[in-house]
Amino acid sequence: MKRFISGLLSLTLLAAVPASAITLKQAQTQGLVGEANSGYIAVVNASTPEVEKLVVEVNNKRKQEYASIAKRNNIDISQVAARAAEKLEARLSKGEYYQDNLGRWKQK
Amino acid sequence: MNQTGIYTRAGATFVLVAGIFFLSACTPTVAVQAPSEPITVNLNVKIEHEIRVKVDKELDDLFEDKDGIF
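Quick look at the structure, then. (Residues numbered from 1 in each chain as written. Chains lettered and ligands numbered in written order. Predicted model: local features only at pLDDT ≥ 70, side-chain atom pairs only at ≥ 80, totals over all residues. Heavy atoms only, no water.)

## Here's the deal with the nonpolar core
Right, on to step 1. V33(A), Y66(A), V80(A), L59(B) and F70(B) are the most contacted members of the largest nonpolar core, which has 23 residues in total.
Right, on to step 2. Within the residue set of this core, elements represented by two or more residues are α2 (24-29), α3 (49-73) and α4 (77-91) of chain A together with α2 (36-65) of chain B.
Right, on to step 3. Among the elements that take part in this core, α3(A) stands out by supplying seven residues, more than any other.
Right, on to step 4. Look past the residues within four positions of F70(B) in its chain and what remains in contact with it is L24(A), R62(A), Y66(A), L88(A), L62(B) and F63(B). (Core = buried A, V, L, I, M, F, W, Y, C linked by side-chain atoms within 4.5 Å. Buried < 20%, exposed > 50% of the residue type's maximum accessible area, 1.4 Å probe, protein only. Helix = DSSP H or I, 4+ residues; strand = E, 2+ residues; numbered from the N terminus. Contact = heavy atoms within 4.5 Å.)

## Here's the deal with the side chain of E35(A)
Residues and elements named next belong to chain A.
Right, on to step 1. Structurally, E35 can be placed in strand β1 (residues 33-35).
Right, on to step 2. A relative accessible area of 2% places E35 in the buried class.
Right, on to step 3. Setting aside anything within four residues of it in sequence, one finds E35 in contact with Q28, Y40, I41, R62, L88, L92, Y97, Y98, Q99 and W105.

## Some points on the packing of aromatic side chains
Right, on to step 1. Per the counting criterion, the structure on display carries three aromatic pairs over all chains.
Right, on to step 2. For the ring pair Y40(A) and Y66(A), a centre distance of 5.4 Å and an interplane angle of 65 degrees mean the geometry is edge-to-face. With Y40(A) in the loop between β1 and β2 (41-43) and Y66(A) in helix α3, this pair connects stretches of sequence that are 26 residues apart. For the residue pair Y40(A) and Y66(A), the accessibility class agrees, reading buried in each case.
Right, on to step 3. Arranged with centres 6.2 Å apart and planes meeting at 45 degrees, the rings of Y66(A) and F70(B) form a pair that is tilted. Here F70(B) lies in the segment after α2 and Y66(A) lies in helix α3, a pairing that spans two chains. The exposure classification of Y66(A) matches that of F70(B), with both residues buried.
Right, on to step 4. One aromatic cluster in this structure is built from Y40(A), Y66(A), F63(B) and F70(B). (Phe/Tyr/Trp six-rings, centres within 6.5 Å; stacked < 30°, edge-to-face > 60°.)

## Focus: unusual backbone geometry
Right, on to step 1. Even without being a glycine, N74(A) presents a positive backbone phi close to 60 degrees.
Right, on to step 2. On the basis of relative accessible area, N74(A) is assigned to the exposed category, the value being 71%.

## Some thoughts on the layout of surface pockets
Empty space among the atoms becomes apparent when a probe as large as a water molecule is rolled across them.
All names here are of chain A.
Right, on to step 1. Looking at the largest pocket, its volume works out to about 240 Å³.
Right, on to step 2. Element by element, the count of residues in the lining of the largest pocket is highest for α4, at five residues.
Right, on to step 3. Across the lining of the largest pocket, the residue classes break down as five nonpolar, one polar and four charged. (1 Å grid on protein atoms, 1.4 Å probe; cavity = no way out; pocket = protein on both sides within 12 Å on 5 of 7 lines; lining within 4 Å. Points joined across faces, edges and corners; volume = space filled by probe spheres on them. Nonpolar A, V, L, I, M, F, W, Y, C, P; charged D, E, K, R; others polar.)

## Points about the side chain of R83(A)
Right, on to step 1. In this structure, R83(A) sits in helix α4.
Right, on to step 2. Discounting chain neighbours no more than four positions away, the residues touching R83(A) are R52(B), D56(B) and L59(B).

## Things to note about the pattern of salt bridges
Right, on to step 1. Evaluation of the coordinates by the stated rule reveals 13 salt bridges over all chains.
Right, on to step 2. A salt bridge links K106(A) to D100(A); the shortest N-O distance between them is 3.7 Å.
Right, on to step 3. Across the pair D61(B) and K57(B) runs a salt bridge whose closest N-O atoms are separated by 3.0 Å. Here D61(B) pairs with K57(B), and both are found in helix α2, just four residues apart, close to one helical turn. (Salt bridge = Lys/Arg side-chain N within 4 Å of Asp/Glu carboxyl O.)

## Let's talk about α4(A)
Along an α-helix, residues three or four positions apart point the same way, because every turn accommodates 3.6 residues.
Right, on to step 1. Relative to the 21 Å expected for 15 residues at 1.5 Å per residue, α4(A) spans 21 Å between its end C-alpha atoms, a close match to the ideal helical length.
Right, on to step 2. Within α4(A), burial applies to V80(A), A81(A), R83(A), A84(A), A85(A), K87(A) and L88(A). (Expected span 1.5 Å × (residues − 1).)

Structure representation (structure tokens):
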């Protein structure tokens, strides 16, 4: 019985993942999105509504966080975002996409 | 009386000439004020650097906390 319940639980968990859209990490690993040179993410190649939605959601949340850091340090949000872009590029795993200074997509 | 007058005039001329020499000799010394500007620039750079370090730290914390969006 216990096994049945845990099996059911893992099944619902498995079913829940595809239902709740693609995660940022998945999209990055699959090369769907990359780190833009602006401190935000952007679609690399082919776009789907699901990826589009992810980009908007993630970028909105990032913008809020950048804004609060900018406010705390009394600097412009663009300065925070630019610094974040540099640091995020460095954090990427091999094969993931980032944008160079000229806006070209490159693979790490 | 007349003699002293001459001496006074000579003395005054000497003081004047010496004064001009002194003044002209002192003029380059005034230029020493210039270095005060680069120091101000240095200070600004230092403050900017401190903010940068602080922002970097806050960004690192952010990347750890908000794993889903970074």
